[in-house]
Structures are given as structure tokens and as C-alpha cells.
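# Geometric and topological summary
Take a look at the letters that make up each chain.
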Amino acid sequence: MILAIPGSLRRHSINAAALRAAASAAARDGLLVEVDDSPRRLPHFNPDLESAPPATVARFRRSLEAAEGVVLAVPEYTFGIPGALKNSLDWLVGSGSLYRKPVALLHVAPPGRGAHVRESLEHVLKAHNAAVTRHCVPIAPRDLDTSGELSDGRIVGALQAVVAELAVRASVADDRSADERSLSGC
């Protein structure tokens, strides 16, 4: 299973629409992609609660630990990461939930926009020791249909390719982890 996390809390977020379209397209390939909007429900990070986190945080961590890979679609707010997503990532530092996990950063902004959030995310994910790759699939508001969903076959195909590549990377990472586990007992 791949966990897809939108970084925007907007009701009609292009980032969330991209992840929903990617999940739907991936299902046609037999891949399970679950869109998780946990960032909107997590309390503010408090290091005092890290060892016994609130139930919403514990569920979020378990979802990430169970995922083979993660795809993040994040808008840029004031040259950085939206607060709710940054808060979510802060809750994960002590858990190791993203350690060596394949993470795809899906950038949907038009060319020339969003460089700051990509840089910030890469920096934060480096602290998690996540295996990060970048993917650019520009989407404009006009690409959404009247219900706020993506239906352009070219765009959906590009999103499907991102998820397929992440699934391959995740399976290679799982194979590598299995090899490392089998050697660790020697």
C-alpha cells in the first residue's frame, strides 16, 4: 500500500485532486493507494507527548509504518511547507515511521513555482532519512472538472506513472530490507 498525503487543507485542493486521481489510476494497475488527510486532524506537536502520543498521531504513525511508500503533494505557503503538514512531519521524527521509506514529492504547481517548498520538504525529509525523489506534473485549476476532479487523460497518466515508479522503488527497498534482515543475524 502507498500512502498519499495532501499538504493542503483546502476543500478544492489541486494537490488533493491529483492524489485522488493517482489513487484511482493506480487501482487500475492493481496498486493500492490510500489518500490520508491526517494532517488536518493532528494536534500541535508536543515533544512531551511523543512517547505516548494522542490516538490520532498513533494511527497516523501506524499508517505510515504499514505503507510501502509515500507520495506527498504539497503547495507552497509563504515560501515553505504548509503548517499542518509540517506539524505532521514533526510528529514522525521520533517514531522512525519514514526511515528509509521511499517518498515521492509530487509537485503540481506551474513551472517556476514551488521551489521553496520542495527545498524545505527535502530538508525536513532528510532529517527522517527518507528516500526522496521529485516528480513534476503541472496542473492548473482549469484542469479540474466541475466537481473538482482531474479527468485529463494525459495528466492522470503522468500521475499513474509517478505511483508506479514509487511502487517499484518500494519493492526494491523491501527486497533490500529483507536482505539486510537476513544478514543481520550472521
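Residues numbered from 1 in each chain as written. Predicted model: local features only at pLDDT ≥ 70, side-chain atom pairs only at ≥ 80, totals over all residues. Heavy atoms only, no water.

### Observations concerning the pattern of salt bridges
- According to the stated counting rule, one finds five salt bridges in the structure shown.
- Salt-bridge contacts for Arg 40 lead to Asp 37; the nearest nitrogen and oxygen are separated by 3.4 Å.
- For Arg 134, the salt bridge identified is with Glu 122, shortest N-O distance 2.4 Å. Of this pair, Arg 134 sits in strand β5 (residues 131-136) while Glu 122 sits in helix α4 (residues 115-127), and the two are 12 residues apart along the sequence.
- Arg 134 sits in the partly exposed class, given a relative accessible area of 46%.
- Relative accessible area serves as the criterion here: at 26%, Glu 122 is assigned to the partly exposed category.
- Among the charged side chains, a salt-bridge network with shared partners connects Asp 37, Arg 40 and Arg 41. (Salt bridge = Lys/Arg side-chain N within 4 Å of Asp/Glu carboxyl O. Helix = DSSP H or I, 4+ residues; strand = E, 2+ residues; numbered from the N terminus. Buried < 20%, exposed > 50% of the residue type's maximum accessible area, 1.4 Å probe, protein only.)

### Here's the deal with the nonpolar core
- Val 71, Leu 106, Ile 139, Leu 150 and Leu 159 are the most contacted members of the largest nonpolar core, which has 28 residues in total.
- By residue number, the principal contributor to this core is helix α1 (residues 14-28), which donates nine residues.
- Residues contacting Ile 139, with those up to four places away along its chain left out, are Ile 14, Ala 18, Val 108, Leu 150 and Ile 155.
- Counting 23 residues, the second-largest nonpolar core is a separate cluster that includes Ile 81, Leu 85, Leu 121 and Leu 125. (Core = buried A, V, L, I, M, F, W, Y, C linked by side-chain atoms within 4.5 Å. Contact = heavy atoms within 4.5 Å.)

### Digging into unusual backbone geometry
- Of note in this structure, Arg 100 is not a glycine but carries a positive phi near 60°.
- Relative to the elements of secondary structure, Arg 100 occurs in the loop between α3 (83-92) and β4 (102-107).
- Its identity as a non-glycine residue notwithstanding, Asn 129 has a phi of 60°, on the positive side.
- Looking at the element boundaries, Asn 129 is found in the loop between α4 and β5.

### Points about the sheet that holds strand β2 (residues 33-35)
- Spatially, β2-β1-β3-β4-β5 is the arrangement adopted by the five strands of the open sheet, whose pairing is parallel. Looking along the sheet, the strands with just one partner apiece sit at the ends: β2 and β5. Sheet twist, expressed as the mean angle between neighbouring strand axes with direction ignored, is 20°.
- Note that strand β1 (residues 2-6) and strand β3 (residues 69-73) share five bridges and pair parallel. By the bridge assignment, Ala 4 is partnered in β3 with Val 71. (Pairing = 2+ DSSP bridges. Axes fitted to C-alpha atoms, helices over the stretch in contact; angles between N-to-C directions.)

### Details of the side chain of Asn 87
- With respect to the secondary-structure elements, Asn 87 resides in helix α3.
- The buried category is assigned to Asn 87, whose relative accessible area is 11%.

### Quick look at the pairing of β5
- Where β4 and β5 come together, six bridges link them in parallel fashion. In the strand pairing of β5, Ala 104 is matched with Thr 133.
- Following the chain from β4 across α4 to the adjacent parallel β5, one finds a crossover that is right-handed. (Right-handed = clockwise from strand over helix to strand, strands pointing away.)

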